[in-house]
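The residues making up each chain are set out below.
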Amino acid sequence: MTETLTASLQRVFGFDHFRSGQAAALESLEAGQDTLAILPTGAGKTLIYQLYGYRHPGCVLIVSPLLSLMNDQVDRMRMNGFKRAAAINSLTPFGERLHILNHLNALEFLFLSPEMLSQPQMLDRLHQVNISLLVIDEAHCIVQWGPDFRPEYLLLGAIREKLNRPLTLMLTATAGQQTRQEIAKQLRSTPRVVTESVNRPNIFLDVENVADEATKQARLLDLVTHLPRPGVIYFSSKQQASDTALWLQQTAGVQAAAYHAGLDAEDRFKIQQQFMADQLDVICATSAFGMGIDKDNVRFVIHYHLPADLESYAQEIGRAGRDGQSSVAVLLYAPGDEQLPLALGQSNRPEPDTIHRYYAHPTSFAADDPQIHLLAFYRNHGISQAAVERLFAGRERERNHALSQMVAYAKSTTCLREKWLQAFDEEPPAHDEACCAPGNVPLDLAAHGLTRQANPITPTATVGWQERLVRLF
């Protein structure tokens, strides 16, 4: 296409200027260069492949991690005029799936999960399609989820070669040097890296050291009733996310809902839409919530549980303040909080004895066990017992190192932004009072413009909120 990128932007989206990083990524793709675009949450990463798809014939194939994310992106693309967009996943009715497969050549955009893409029948169909661009959305999932949760991510490099190495765009909001190298290695690519700072100056960073669980719950209630809304509270436990949403409704009259993988797809979609429409004040969520959620007025993100690494933390706090207005990211930390992410990291990782016994007698194990499913994947793809043991041992070292960085952030008594940005090899800006409040510095909400305009809600007096707290937790 001879039309300039800016002219295409104006024609398709009505914008006069690109956001930071968008033009550089598109220029790299236009030059035929695989591209890893590391752009902050809310930087408009989807526009890059949408505009490329408009400018080039063929189908843009997008590998996306979450079912709800895929369906939401298809709906939004159709609303924006990209009518020939579709997704195939486990929720797609058989008739609709058959229709899509029979009309692949008519599609401009197709969304698939790694698991769906790795199926031989799907690959056979895709060989008949002119793939103009392969997009790996949320590319950090290759590293975070591939080895011990969703191993199909580790097949993407081989799949890319089977598809004749189409031009590839890798998108993520956060990736340190090691993650960048691993993404490129797994995809068998040498991409040009387009990156913008992960720093979001309008997000005030706060760590609050609390003595115990009861103190943490009390502080959570205090924050939610005083902070401007809407907001997101992240948990590592589905049950605690649900319990807390109910508790906030009953105790403080907050319009809150839980969002996690334990809900069915219809409920998750409904809650997501209510939040987008400002019908909910607070989402109590696990990490399943947030990818691709483009809501610009989130005023706070609170982490009730300690994230497993700074990359996940950066992804999640980046959902605050996309409109550029003052927002806050609060991490509540109690002694010993690191034990939960440590245990969760080990839960999907088979012990050496389990690996040995499985490889010796694979048919004697239940296939529906997640750990056995993982081992069966590796064995079926010709990975030896010794190689699997080395992989999991290496993965455990990586997770422990990442968690130690997260704990160091939580315990820092100096500038939090400096500690955070160092993990991404960035030079921090000069520290000032609008930057952060480490654990040894009290959070002054009013001083940073982070209090509600209306009077804060008074917790229900009929039944003491401490009693409700004890009952629910």
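Rules and cut-offs
- Residues numbered from 1 in each chain as written.
- Predicted model: local features only at pLDDT ≥ 70, side-chain atom pairs only at ≥ 80, totals over all residues.
- Heavy atoms only, no water.
- Axes fitted to C-alpha atoms, helices over the stretch in contact; angles between N-to-C directions.
- Helix = DSSP H or I, 4+ residues; strand = E, 2+ residues; numbered from the N terminus.
- Parallel < 35°, antiparallel > 145°, perpendicular 65-115°, else oblique.
- Left-handed = near helix turned anticlockwise from the far one by under 90°.
- Contact = heavy atoms within 4.5 Å.
- Nonpolar A, V, L, I, M, F, W, Y, C, P; charged D, E, K, R; others polar.
- Buried < 20%, exposed > 50% of the residue type's maximum accessible area, 1.4 Å probe, protein only.
- Pairing = 2+ DSSP bridges.
- Right-handed = clockwise from strand over helix to strand, strands pointing away.
- Core = buried A, V, L, I, M, F, W, Y, C linked by side-chain atoms within 4.5 Å.

Novice: For this particular structure, what's the right way to read the packing of helix 15 (residues 339-347) against helix 18 (residues 385-411)?
Specialist: Packed helices, taken two at a time, are described by their axes: the angle between them and the distance between them. Relative orientation of the contacting elements helix 15 and helix 18 amounts to 160°, with a least axis distance of 11 Å. With respect to each other, helix 15 and helix 18 are oriented roughly antiparallel. Handedness of the crossing formed by helix 15 with helix 18: right-handed. Contact residues: Pro 341, Leu 342, Gly 345 and Gln 346 in helix 15; Glu 396, Arg 399, Asn 400 and Leu 403 in helix 18. A class-by-class count of the residues in the contact of helix 15 with helix 18 yields three nonpolar, three polar and two charged.

Novice: I keep staring at the pairing of strand 12 (residues 300-303) and nothing clicks. Help me out?
Specialist: The two faces of a sheet get side chains in turn, since along a regular strand they alternate between them. Side chains Phe 300 and Ile 302 of strand 12 all project onto a buried face; the interleaved residues Val 301 and His 303 project onto the opposite face, where all are buried too. Taken together, the four bridges between strand 9 (residues 231-234) and strand 12 define a ladder with parallel strand orientation. Following the sheet pairing, Gly 231 is matched in strand 12 by Phe 300. At this point the chain moves from strand 12, through helix 14 (residues 310-317), to the parallel strand 13 (residues 327-333), and the crossover so formed is right-handed.

Novice: Is there a simple way to explain the side chain of Gln 315 in this structure?
Specialist: Within the secondary structure, Gln 315 is located in helix 14. When neighbours within four sequence positions are excluded, Gln 315 is seen to be in contact with Thr 41, Glu 138, His 140, Thr 172, Ala 173 and Thr 174.

Novice: When you look at the packing of helix 17 (residues 370-380) against helix 18 in this model, what are you seeing that I'm missing?
Specialist: Interhelical geometry of helix 17 versus helix 18 gives an angle of 130° and a closest axis separation of 10 Å. In terms of axis orientation, helix 17 runs oblique to helix 18. Classified by chirality, the crossing of helix 18 by helix 17 is right-handed. Contacts between helix 17 and helix 18 pair Leu 374, Leu 375 and Tyr 378 from the former with Val 388, Leu 391 and Phe 392 from the latter.

Novice: For this particular structure, what's the right way to read the pairing of strand 4 (residues 109-112)?
Specialist: Here strand 4 shows two buried faces, one formed by Phe 109 and Phe 111 and the other by Leu 110 and Leu 112. Sheet analysis places strand 2 (residues 59-63) next to strand 4, joined by four bridges and oriented parallel. Across the sheet, residue Ile 62 finds its bridge partner in strand 4, namely Phe 111. In terms of strand pairing, strand 3 (residues 85-88) meets strand 4 through four bridges, oriented parallel. From the neighbouring strand, Ala 87 faces strand 4, where its bridge partner is Phe 111. Considered for its hand, the β-α-β crossover made up of strand 3, helix 5 (residues 94-102) and strand 4 is right-handed.

Novice: I would appreciate a short explanation of the nonpolar core in the present structure.
Specialist: It is characteristic of soluble globular proteins that their nonpolar side chains tend to be buried jointly. In this structure, Leu 61, Leu 110, Leu 112, Leu 117 and Ile 136 are the most contacted members of the largest nonpolar core, which totals 50 residues. By residue number, the principal contributor to this core is helix 17, which donates six residues. Once you skip the residues sitting within four places of it in the chain, Leu 112 turns out to touch Leu 61, Ile 62, Val 63, Ser 64, Met 70, Ile 88, Leu 117, Met 122 and Leu 126. Listed in part, the 37 residues of the second largest apolar core include Leu 205, Leu 310, Met 406 and Cys 435.

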